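# Fold and contact review
Next come the chains, spelled out residue by residue.
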Amino acid sequence: MRLRKSRQCFPSCSSRHKVDEDEVYWKRKKSSEELEWSHNSSHVILQLTQCFANAMVGPRSWIAGLFTRSPYKRHDKVLDFCLTPHLRLQKLQERMRTPFDETRPDHQEALRSLWIAAFPDVPLKGLISEQWKDMGWQGANPSTDFRGCGFISLENLLFFSRTYPASFRRLLFKQGGQRATWEYPFAVAGINVSFMLIQMLDLQSEKPRRLPGVTFVKLLGEDESAFDVLFCIAFEMMDAQWLAMRASYMEFNEVLQVTRTQLERELSLEDVHRIKDLPAYNLLYQ
């Protein structure tokens, strides 16, 4: 009896070669992906390390390079989150370094805009006029009062007038509480508030080290206008202290110091994560 040979299926030479090619392909693909992942991860880790090493502020060329040389947009979002407060701090410090220049058309226009915000129905006779004293400037030429703080103090006042107009006009015209016979001059007081904030937050240093300044940088990361809003809050706080102390003109510096102490205390609170978390923020909506 003849036994039937069982048929066994063996791969042909061509099919076996195809399997080998597939295996080589997938091994190469996997190796390539692992290499790319390793490279990308190293790239992100390196830049994050540089980010934290240059905490608060770093060389401008390095920061610019992050956004011009990096091809990894997904990873740059992480870097954006890390660097945003520090980039905004640099921008704020550049604003602080800009002096008021009475010959610049944009600075002249900003001054005119402030007048219109304060006295919309009163035509301004000129950039040098006795009218400016009605807003609380020391003389007929407001530009002389900016020497102590620069253009940013005018920007602060303009922001106040446009963002919180009711609060701005209430303080300008001393409409709340029992006022003193000799009141503080509104515009000059605003310049002093700007200067006080710059000093308190240690913004002239490369990296704020005291808690109020460190907290402020975090708030700046949440809101680019944090300094301008803080100016409005501080102005309101100063006016509230003025009334509480029943102060007069000669006591202005004392009132400003008490305001600074109170603001430092609020910036040291653990639950302050946004500018609106400050307890005194509600003063803007009285």
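Our subject is the structure that appears above.
Residues numbered from 1 in each chain as written. Predicted model: local features only at pLDDT ≥ 70, side-chain atom pairs only at ≥ 80, totals over all residues. Heavy atoms only, no water.

## Description of unusual backbone geometry
Filter applied, for reference: Going along the chain from the N terminus, every DSSP run of H or I of four or more residues is numbered as a helix, and every run of E of two or more is numbered as a strand. We call a residue buried when its accessible area falls under 20% of the maximum for its residue type, exposed when it is over 50%, and partly exposed in between, using a 1.4 Å probe and counting protein chains only.
A positive phi angle is found at Asp202, which is not glycine, with a value near 60°. Among the structural elements, Asp202 can be located in the loop between helix 7 (186-200) and helix 8 (211-222). You can call Asp202 partly exposed: its relative accessible area is 24%. In the Ramachandran plot, Arg246 falls in the positive-phi region, its phi being about 50° despite a non-glycine side chain. Note on Arg246: relative accessible area 71%, which makes it exposed.

## Side note on the nonpolar core
The criterion, for reference: By nonpolar core we mean a set of buried residues, namely Ala, Val, Leu, Ile, Met, Phe, Trp, Tyr and Cys, connected to one another through side-chain atoms within 4.5 Å. Two residues qualify as a contact provided that any one of their heavy atoms is within 4.5 Å of a heavy atom in the partner residue.
Residues Met135, Leu197 and Phe235 are the most contacted members of the largest nonpolar core, which totals 66 residues. At the level of elements, helix 3 (73-96), helix 4 (105-118), helix 5 (151-163), helix 6 (165-172), helix 7, helix 8, helix 9 (226-244) and helix 10 (252-267) are the ones that each hand at least two residues to this core. If one sorts the elements of this core by residue count, helix 9 sits on top with 12 residues. Not counting chain neighbours up to four residues away, the residues in contact with Phe235 comprise Leu157, Phe160, Leu171, Tyr184, Phe186, Ala189, Gly190 and Val193.

All quantities given are derived from atomic positions and should not be read as evidence of function.
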